[in-house]
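Secondary and tertiary structure notes
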Amino acid sequence: MDMDSASSVVLQALTQATSQDTAMLKPAEEQLKQWETQPGFYSVLLNILNNHMLDVNVRWLAVLYFKNGIDRYWRRVAPHALSEEEKTTLRAGLITNFNEPVNQLASGIYSFACSLWTHHTDCFLQQICARDETAALASLERTLLSLKVLRKLTVNGFQEPQQNMEVMGFLNAVFERLKQFLECCRQIGRDSSCREKLEKTIILYTKVLLDFLDYHPCAFIPLIQCSLEFAVSYVFTPAGEGVTFERFIVQCMNLIKMIVKNDAYKPAKNIEDSKPESLEAHKIKAAFFTHPTLTEIGRRLVSHYFLLTEEELAMWEEDPESFAVEETGGDSWKYSLRPCTEVLFLDIFHNYSQTLTPVLLDMVQNLKGPTNVSDPVQLLMKDAVYNAVGLAAFELFDNVDFNQWFNNQLLGELQISHNRYKLIRRRVIWLIGQWIPVKFKSDLRPLLYEVILTLMQDPDLVVRIETATTLKLTVDDFEFRTEQFLPYLESIFGLLFQLLQQVTECDSKMQVLHVISCVIERVNTQIRPYVGCLVQYLPLLWKQSEEHNMLRCAILTTLIHLVQGLGAESKNLYPFLLPVIQLSTDVSQPPHVYLLEDGLELWYVTLENSPAITPELLRIFQNMSALLELSLENLRTCFQIVNAYLFLSPTEFLQNFAESLCQSFCVLLKDITNEGQVQVLKVVEIALKVSPILGAHMFQPLLPAVLRGIVNGEIYPVVMSTYFGIMGRILLQNSSFFSSLLTQLASECGQEIDQLLCNVIEMWVDRMDNITQPERRKLSSLALLSLLPADNGVIQEKFCGIINICVESLHDVMTEDPETNTFKDCMLMSHFEEPKLSDDEEPPTEQDKRKKLLALEDPVHSVSLHQYVYEKLKAQQNLMGDQGFSELMETVDTELVRQLQAFLQGF
């Protein structure tokens, strides 16, 4: 009988067996009982219980018959045992059924998976004892498979797993099984054919615990005690000797770490606010982590796991670059023993510093003074202890006088030049780097620079690389003082450049480049005399790194700081610099995925520091259209680049690129945030500022929408403020264009021009509070005043509002000279002055200078507001006559008139 026919018959019997009618129920139960020993029956049941369309009662009954039959007939020695072929089919079918919608039916899959796991595990252990490795390997495969299923079910299959006895029973059994499997490791040795699979299974057991702890921390609370006892026993006592292996130790350390730092296991600051489960977990941890236990863990972490291994020492000798890079770590703490050990040490030290601080300080005291170079054990121990002191620097702040230690011991150790003492020289300079942001007197910095200068010439490459890293931490620190470093700059920078040339690995070159970048950034223009060799070398390094995009990113970062340091002299780099920018920002080139962000930043600082436009620098802008389409996350930098071109060469830039830029902006404005809209509009505002006539002409397609936004009363204040900035420029500096915009909008809306003008002035007055920048507020006053003198009825009608804005702006910009009792416009700029800079201030860029020169020509900074107000009012008076003007002034609030007269005294 085929599967479909069999399913139909069995389904009918199951349906009848769920009936309340005993006439149907009894015969159906008898039939199902007879089928229990028939081959294929359980495959049919599995097919039925997997069909989620069937009645749940029928499927539930199928699960019960399935579970009972598996319990009876799965073992090979059982009467009517299932065939191996059917077992394979059943396993495959169950593994695919993780999307069971009915919980009661899923707690049945779990029981079955548990029975499989128990059976195969027992078989494996028996076969290992019997030395039948072939059979044991087969059983181990099945154990591994069933364990994978249980891991998924246990972690993801239950919302409140702590309420399921089978789940918690399985998890408790994991510890005993782990012990049994670890003992198997001891018995079979490392050459056994089962060894690799056995270790893989052990790791899977630990993953079950780690995943369950991660997903269900509260449900894990009953397992905390067992977990800590198990992990600490195997990692920190002789129990683990001969049976543990590195990956297992890492997993145990991760288990301890996750329990120690789990937020769900920490009571609230106010105990009364704590959840009961948090208090329970905290109580269990406190009872376990006693003083003796913590002391033993702390000592063993440092004295055993922190010690450099023979393999690591061999790597230091044979491949120092790889050793140096690997020691810097990364995100490897979950998988590699050394970084995992260090992270666990930090977490335990942070949580139990009162207990562990005296332990660590005692270890330091025992290693006081220089160590005998012929005692490798003591050298390794000192390296380990110093490592611990460096890692725990922030925790030890109040307990270690590092400045005294530096002077009295560490300096002396750095002067021991014996080859074997390189271990300590490297560790001490690393240790200093860890303490610099914690506690290191500024007065000691010159002494440290002397040390760095010496160690940068050390015979050992690892020492030199570590010294370079500490140099980066030193110059990156907020207490760094340029004047202290300058006497050493030339020598140290030269040695850094030598190191950059000497190292060959990409990671090493990146590491050294980051140090060089940091130094250039901090000393800024002071670097100029010393960068000649670096400037010559970087093009070669760029070419060599064609297949290494991350190294190229490091080169781009170095170039960014180099350009900032060189200022206008960076124009000498253009033959190399501009092709680099071109490649990095070309979205049609595959490397742009890695290089774009740094490439854009380099492009911007190049423009900022450019003394003049060049055809090549202008040509790169061809990359921008595609960037504006694709690089939403980099839009801000793109806009900065556009603005930089406008400041650098407005006429050439607008004539060449304004049309395509305007098209890009029209597309952008359809689907962009309010902040993005403001960035686009600021570009237009700057274009009008640097070139009022050409800017208005080139961006004409965008301007009617700006005027329409003002008339309609755009709801977002920042957008509205930018609208006023744009229209203020046009009205003040290109009045004929403003008139044409009014005419165009009036035609589109079917309104009178005067009515539109009325709406514009009314909205300007009403929304003046939206304008927060003093420059724009003054610009608004100048722009509206430029409508005077006027015999236009609309302007005269809105005269009061115009005066109101002017008086507000006068309050913004006018300052009183107490000696003469006269007012002066504080926004006026009469000439360009080179700013006086303190040691920590950066000199102005070429763009800063361009902005200052532009400001000298800007009406906001070149026109005195109170004088302009006086001249415009006087012109209006001349136009209307004294009586007409007097009547016009009577429309203004008397208090405003009083304030206005006070500002205009002296005219």
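See the structure above.
Residues numbered from 1 in each chain as written. Predicted model: local features only at pLDDT ≥ 70, side-chain atom pairs only at ≥ 80, totals over all residues. Heavy atoms only, no water.

Some words on the overall build of the chain
Looking only at helices and strands, one finds 45 helices and 2 strands in the chain. Taking 29 Å as the expected radius of gyration for a compact globule of 907 residues, we find that the chain reaches 39 Å, considerably beyond that expectation. Along the longest, intermediate and shortest principal axes, the C-alpha atoms of the chain span 120 × 90 × 60 Å. Per-residue burial over the chain gives 53% buried out of 907 residues. Contacts in the chain between residues at least 24 apart in sequence constitute 74% of all its contacts with a sequence separation of at least 6. Just so you have it, the chain exposes about 41900 Å², and 50% of that area is on carbon and sulfur atoms. The positive charge centre, built from 74 side chains, and the negative charge centre, built from 114, are 6 Å apart in the chain. (Helix = DSSP H or I, 4+ residues; strand = E, 2+ residues; numbered from the N terminus. Rg over C-alpha atoms; globule rule 2.2 N^0.38 Å. Buried < 20%, exposed > 50% of the residue type's maximum accessible area, 1.4 Å probe, protein only. Contact = heavy atoms within 4.5 Å. Areas by Shrake-Rupley, 256 points an atom, 1.4 Å probe, with all protein chains shown as cover. Lys, Arg positive; Asp, Glu negative; His and termini not counted. Charge placed at Lys NZ, Arg CZ, Asp CG, Glu CD.)

Some words on the pairing of strand S2 (residues 822-825)
For strand S1 (residues 814-817) and S2, the ladder comprises 4 bridges, and the chain directions are antiparallel. Directly across from Asp 817, in S2, lies its bridge partner Thr 822. Counting the residues in the hairpin turn of S1 and S2 gives 4 residues, including Asn 821, whose phi is positive at 55 degrees. (Pairing = 2+ DSSP bridges.)

With respect to the nonpolar core
Counting residues in each nonpolar core, the largest one holds 295 residues, and the members touching the most others are Trp 603 and Tyr 645. Discounting residues that sit within four places of it in the chain, Tyr 645 has contacts with Trp 603, Leu 607, Ile 613, Leu 617, Leu 618, Ile 620, Phe 621, Pro 650 and Phe 653. Membership of the second largest hydrophobic core comes to 29 residues, among which are Leu 25, Tyr 42, Leu 46 and Phe 112. (Core = buried A, V, L, I, M, F, W, Y, C linked by side-chain atoms within 4.5 Å.)

A closer look at the packing of aromatic side chains
Inspection of the entire model under this criterion finds 41 aromatic pairs. Between Tyr 449 and Tyr 488, the aromatic rings sit 5.7 Å apart at their centres with planes inclined by 50 degrees, giving tilted as the arrangement. Separated by 39 residues along the polypeptide, Tyr 449 in helix H21 (residues 445-455) and Tyr 488 in helix H23 (residues 482-502) bring together distant segments of the chain. Each member of the pair, Tyr 449 together with Tyr 488, is buried. (Phe/Tyr/Trp six-rings, centres within 6.5 Å; stacked < 30°, edge-to-face > 60°.)

Quick word on the side chain of Gln 677
Among the secondary structure elements, Gln 677 is positioned in helix H33 (residues 674-690). The contacts of Gln 677, once residues within four sequence positions are left out, are Leu 669, Ile 672 and Val 719.

Quick look at helix H16 (residues 337-351)
Taking 1.5 Å per residue as the helical rise, H16 with its 15 residues ought to reach 21 Å, and the 21 Å between its terminal C-alpha atoms agrees with that figure. The buried count for H16 comes to 11 of 15 residues, which makes it a mostly enclosed element. All of the buried residues in H16 are Leu 337, Arg 338, Pro 339, Cys 340, Thr 341, Glu 342, Leu 344, Phe 345, Asp 347, Ile 348 and Phe 349. (Expected span 1.5 Å × (residues − 1).)

Considering the side chain of Ser 721
Topologically, Ser 721 is positioned in helix H36 (residues 717-733). Leaving out residues up to four positions away in the same chain, Ser 721 has contacts with Asn 770, Ile 771, Gln 773 and Arg 776.

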